[in-house]
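# Reading the structure
Here is how the chains run, residue by residue.
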Amino acid sequence: MARIQYEALTKVFDDGTAAVDHVDLAIDDGEFVVLVGPSGSGKTTVLRMTAGLEKPTSGEVRIGEEVVNDVDPQDRNIAMVFQNYALYPHMTVYDNMAFGLKLHGHKKADIRSRVEPAAEMLGLTELLKRKPAQLSGGQRQRVAMGRAIVREPDAFLMDEPLSNLDAKLRVEMRSYVSLLHQRLRTTTLYVTHDQTEAMTMGDRVAVMRDGRLEQCDVPQALYDHPNNLFVAGFIGSPAMNLVHSNLASDNGGRDLSVDLGGTKLRLPESLLRRRPGLHAHIGNGIILGVRPEDIEDANLVPSANGSCVDVEVTLAEPMGAEVIAHFSVAADPVTESDSIAALVAAAGTDDARSYLQLISADSKGHATLTARLSPRCGARTGAPLRLTVDVERLHFFDAETEEAIW
């Protein structure tokens, strides 16, 4: 196993496209790091430069203590798992798993001593004599992983390996890959556009946009403390509600409040102590963020600080364990931001509707918001509802820089 490190890693293609822009990131020995971002964010290019399939324009890729910019792919002791499995259709499962070892001149006994334990670990022992056409998608993906495991590499590189699987199998394989990593503890770089996949699998998650690394942290920290508007909108499903608002002072400047759809939400002292930077934005326009799960039916959750908002539910979606409610408020939606445009570019994932929800507002200053409510709530399509907002968990962003206000 080995540490992977990028120092000012940059890739500019011949047409002038800056695919990766000065990325600095270290993946510790045995760590599972997920690169996530919309299409075109540069995550796959970073992986390809790690593998040696692309040469950096500038900066360094280190594997262990060695700079590998000019090292051929076959000499880097890494193993890749692709989304299309890349299995040889005329070979058996055993031969597919053994193929790389044969190329490197390993003896038959050595090959068998590696393939058979890996097959047992992956639940493939009974399938070793079958060919890929006789396997399900999940079984093929396990064969592809087995081929990587038997090489005993310093690191695994995984390029959207679950994207070709159906939704149910993708969830199962997600857990399988995570458990496999806990057992092997091989350094892993995993690329995906699916933020749910990223949040459930990664020891840390690195969010990319336009070739830049926006933020890298443990999943819960990304969710609770996004550095900027892009990360806030990208991480979470349904996506964070984002609207333009104003920060005002009351009671001689001792109290602060924020406006949500004409309702003044007073900010508690505990929140102001955690975000002292808010005082510098008094009287200015800001962007207010509210997670859908931080809104609830006021009849079920006692309100505090005058945090109730009266709305009409435009659509209620019963999901069994929860109800997703959509409603409109008198606020300017965040529609002009490059961050939101990037989210829309990610449409086509399972979260496309959540991303597009951010811009589903009319031109009269009404923004459509989403709440994740208890199944015991009174939300009904077309009916009025009083909601309470957990003001302790509000998010605030500078309207010009889009950076979080702390």
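To start, this report covers the structure provided alongside it. Computed from a prediction, not measured in an experiment: that's the story for all the values here. (Residues numbered from 1 in each chain as written. Predicted model: local features only at pLDDT ≥ 70, side-chain atom pairs only at ≥ 80, totals over all residues. Heavy atoms only, no water.)

## Concerning the environment of Pro56
Let me state the cut-off plainly: The numbering of helices and of strands both runs from the N terminus, where a helix is a DSSP run of H or I of at least 4 residues and a strand a run of E of at least 2. By definition in these notes, contact holds between two residues if any of their heavy atoms fall within 4.5 Å.
Summarising the element assignment, Pro56 is placed in the loop between helix H1 (43–51) and strand E4 (58–63). Sequence separation between Pro56 and Asp250 is 194 residues, and the spatial gap between their C-alpha atoms is 54 Å. Apart from the residues within four sequence positions on either side, Pro56 is in contact with Leu9, Thr10, Met49, Val61 and Asn69.

## A look at empty space enclosed by the protein
How we decide: Cavities and pockets are found on a 1 Å grid laid over the protein atoms alone: a cavity is a set of points where a 1.4 Å probe fits but cannot escape, a pocket is an open set with protein on both sides within 12 Å along at least five of seven lines, and a lining residue has an atom within 4 Å of such a point. Grid points are joined across faces, edges and corners, and a volume is the space filled by probe spheres set on the points.
Applying the stated criterion across every chain yields a total of 4 cavities of 30 Å³ or more. Every residue lining the largest cavity is listed: Phe32, Val81, Met145, Ala148, Ile149, Phe156, Met158, Val177, Leu180, His181, Leu184 and Thr188. Going through the elements one at a time, helix H4 (137–149), strand E7 (155–159) and helix H5 (167–184) are the ones with two or more residues in the lining of the largest cavity. At 4 residues, the largest contribution of residues to the lining of the largest cavity is made by H5.

## Here we look at the sheet that holds strand E10 (residues 212–217)
The line we're drawing: Paired strands are those between which DSSP finds at least two bridges. Angular values range over 0 to 180 degrees, each being the angle between N-to-C directions of two axes fitted as lines to C-alpha atoms, with helices fitted over their stretch in contact.
Across the sheet, which stays open at both edges, the 6 strands sit in the order E6-E7-E8-E3-E9-E10 with mixed pairing between neighbours. A single partner strand is all that each edge strand has here, and the edge strands are strand E6 (78–81) and E10. When strand polarity is set aside, the average angle formed by the axes of neighbouring strands in this sheet is 20°. In terms of strand pairing, strand E3 (residues 32–36) meets strand E9 (residues 204–209) through 4 bridges, oriented parallel. Across the sheet, Val34 pairs through a bridge with Val205, a residue of E9. On top of the sheet, H4 reaches E6 and E7; it is set at about 175° to E6, its chief contact.

## Focus on the packing of helix H2 (residues 93–103) against helix H3 (residues 108–121)
Defined as follows: With respect to orientation, any angle under 35 degrees is reported as roughly parallel, any angle over 145 as roughly antiparallel, any angle of 65 to 115 as roughly perpendicular, and every other angle as oblique. Left-handed describes a crossing in which the near helix is turned anticlockwise from the far one by less than a right angle; the clockwise case is right-handed.
Their axes nearest at 10 Å, the elements H2 and H3 cross at an angle of 140°. Comparing the axis directions of H2 and H3 gives the class oblique. Once H2 is placed against H3, the crossing between them reads as right-handed. Along its contact with H2, which presents Tyr94, Met97, Ala98, Leu101 and Lys102, the element H3 presents Ile111, Arg112, Arg114, Val115, Ala118 and Ala119.

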